Structure formats: structure tokens, C-alpha cells
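# Breakdown of the fold
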Amino acid sequence: MTTQGEPDQTVAGQDGTAARPRRFGPGRRRTALWCALAIAAAGTGWVVSRPNPGDLIPGLGSTSGHSKKAQPAPGLASEQPLTESQAFTADHYFPSQRTVDQAGFQAHRTAAREGGDCTEILADRDHDPLHGAGCQAYLSVAFTNADQQVVGSVTVLRFADEQSAQKARQALTDPAALAFLTAESAAPSPSPTPSPTATAGTTASPGTPAGTTPPPSPTTPAPKPAGVARIEPVGHYLTVTVSRYTDQRTTLTAGDQTLDKATRALSYAARAPFLWM
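Throughout this document, residue positions are counted from 1 along each chain, in the order its sequence is written. Predicted model: local features are reported for residues with pLDDT of at least 70 only, side-chain atom pairs are reported and counted for 80 or more only, and whole-chain, interface and lining totals are derived from all residues. Each side-chain value is derived from all of the structure's non-hydrogen atoms; neither hydrogens nor water enter the calculation.

### Focus: the sheet that holds strand E3 (residues 135–145)
Convention followed: By definition, two strands form a pair when at least two bridges between them are found by DSSP. Runs of E in the DSSP output that reach at least two residues are strands. Runs of H or I that reach at least four are helices, and both are numbered from the N terminus. Working convention: axes come from line fits to C-alpha atoms, limited for helices to the stretch in contact. Angles between N-to-C directions cover 0 to 180 degrees.
Read from one edge of the open sheet, six strands run E1-E2-E3-E4-E6-E5, paired in antiparallel fashion. With partners counted over all chains shown, the strands left at the sheet margins are strand E1 (100–102) and strand E5 (227–234), one partner each. On average, adjacent strands in this sheet sit at an angle of 25 degrees to one another, irrespective of strand direction. Here nine bridges tie strand E4 (residues 150–159) to strand E6 (residues 237–245), and the two strands are oriented antiparallel to one another.

This is the structure:
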């Protein structure tokens, strides 16, 4: 029975019993769900396509304003890696702002030099133990420890292969054959002032022809400063490390391990960049 004027919400069955209210089937519900997802996806795509999506979607951060894309550093626009010969520089492997801090020994770089002619680093060019070894380039770095009492000189020699480096190691029996680099020796030498020479009419030393300079009188060479050295091959490189006291003392106290400690630390710092090459 229904109230007058109220529409009948049920449909009678054949047996006269009341039928259940109509409901949407599973297929219609699924269709409605897909429509809702499509509308949401379209709205998200519109937001992301805006010039500044970060201003509309929380969590992306603001992308408006005058922000610019990051530009590559000058000289690295091509993003090409350095070749081995290009990277073999003192500033690349031993930058001046980086200190050595190894096993309690601390030191900073005070000078550096490099070149493709390995004879430049010889203490005496008339005696070249590296002759024929195939040295391709060198770099040399001077260090001073934190308390200014120890100075060290590190030289790295580059060869074509490991066999050549081993050959040079056998030939270089005396580390003193390589110049000990210091901040003073690395500084450019002033141009020598030409000395006046004897001319005709100038009194010369007895037994010396006029117009020539007498040879210097023989002197006893000064004793060399005492030092501790290590020569270590690493791959196709050879590292030569020498440590001395700043006061250039020529003898060491028995049991003094200061220079040995410094040489070990600097030698390891010199070999470390080449250990995995």
C-alpha cells in the first residue's frame, strides 16, 4: 500500500511479492571509477604542464621567479675527461689548498714544478741515471710540516709502462740525483748581471792571458744536509721522496725517527693517487 500521490518505488513480481530496489551492477560501478580516474589524471597533467608547477603542487617547491639552470663551470662545458698526460700536473694531484695529514704528520705544499723533460729535475745533468729509461714527464712538490721544522721534496716520474718504471727504479740508486725542491729553489732566478771582463790594458793575474778571467780556486764542497729518502714504484710511475730538517743539519741524532716518519707520510701521499690506475 502506498500513500496517495507517492510513486511506487518497487516493482511487483509475478507471484505478487514486492521486488527489491534497483541497484547498479558491477560493470557500471567499474565504468564510473575509470571515468573519475581519467578526470583526475587530466587535471594533474594540466597542472604539471603549467610554466611553474611547483607553485601549484605542494612538495615541489616554488619554480617561479628568476631562477636559472645551472651552467657548467668555465672550461668544462664539453664535459670531456682529462687524458692521463693532461691530468699529470701538480695542481691536479697535489692542490695547494690540500694538506697532507697522515699518521700524525701534517704538512702543506709550499712549491711545485712540472715538465715534460725529466732532465730538468736532475741535480747534475752530466750524470743522468734515468737516461734510456723512457721518462715521459715529471712533477715535483715541496712540503713543509706544521711546526716548520721539516721540509720534504716529492718527485713523481711518469713512464710508458710498468717495466720502464721498474728499470728506472733499479737505475736510480741515489735519490740525491734528483734536485731537492724547496720554495726558494722553485722561485725564478734573477737575471745574472754580466761581470766585467779583463780587456787589453787591464792588469791580469800573473800567468793569465789578458782578456780572460782566472779560473776559480778549488774549494771544499759543503756537506750535504742529512735526509731520509724513499723510492717507490707504483704502476708506471716512480715516486721519490726525501725529507730534511729546515736548518739543513748534516747529521741526525741516533734514534731520531722524525724524518723517517715524515718521509713515510709524504711517500704514501704521493703514491695514493696512482694506486688504482
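### Regarding helix H4 (residues 162–171)
Note the threshold: Burial classes: relative accessible area under 20% of the type maximum marks a residue as buried, over 50% as exposed, and values in between as partly exposed (1.4 Å probe, protein chains only). Think of it as the arc spanned by the lines of direction from the helix axis to the C-beta atoms. Here a residue-residue contact requires only that any non-hydrogen atoms of the pair lie within 4.5 Å.
Residues of H4 that are buried include every one of Ser164, Ala165 and Ala168, and no others. End-on view of H4: buried residues confined to an arc of 100 degrees, all on one side of the axis. Counted as exposed and oriented over 90 degrees from the buried face of H4: Gln163 and Gln170. Looking at the buried positions of H4, the neighbouring elements they touch are E4 and E6.

### Overview of the pattern of salt bridges
For clarity, the cut-off: Salt bridges are defined as contacts in which a side-chain nitrogen from Lys or Arg sits within 4 Å of a carboxyl oxygen from Asp or Glu.
By the definition in use, this model includes four salt bridges. Between Asp91 and Arg109 there is a salt bridge, with the nearest N and O atoms lying 2.9 Å from each other. One end of the pair, Asp91, is in helix H3 (residues 90–93); the other, Arg109, is in strand E2 (residues 105–115), with 18 residues separating them in the sequence. Put simply, Arg264 and Asp260 hold a salt bridge, and the shortest N to O gap is 3.0 Å. With Arg264 and Asp260 both in helix H6 (residues 258–271), this residue pair falls four residues apart, about one helical turn. Under the relative-accessibility criterion, Asp260 is labelled partly exposed at 23%.

### Looking at H6
Convention followed: What a helix is expected to span follows from its residue count: subtract one and scale by 1.5 Å.
In a regular helix each residue adds 1.5 Å, so 14 residues correspond to 20 Å; H6 covers 20 Å between its end C-alpha atoms and thus fits that length. Leu259, Ala262, Thr263, Ala265, Leu266, Ser267, Ala270 and Arg271 are the residues of H6 that are buried. Along its buried surface, H6 packs onto E1, E2, E3, E4, E5 and E6.

### Things to note about the nonpolar core
Nonpolar side chains in soluble globular proteins generally cluster together in the buried interior. Spelled out, the test is: Throughout, nonpolar core names a set of buried Ala, Val, Leu, Ile, Met, Phe, Trp, Tyr and Cys residues whose side chains join them through atoms within 4.5 Å.
Core analysis: the biggest nonpolar cluster contains 24 residues, and Phe88, Tyr93, Phe94, Leu139, Phe143, Val156 and Phe274 have the highest contact counts within it. Sorting elements by how many residues they give to this core places H6 first, with five residues. Apart from residues no more than four positions distant in its own chain, Phe274 is found in contact with Phe88, Tyr93, Val156, Val234 and Tyr237. Grouped together as the second largest cluster of nonpolar side chains are 17 residues, Cys135, Phe159, Leu172 and Ile231 included.

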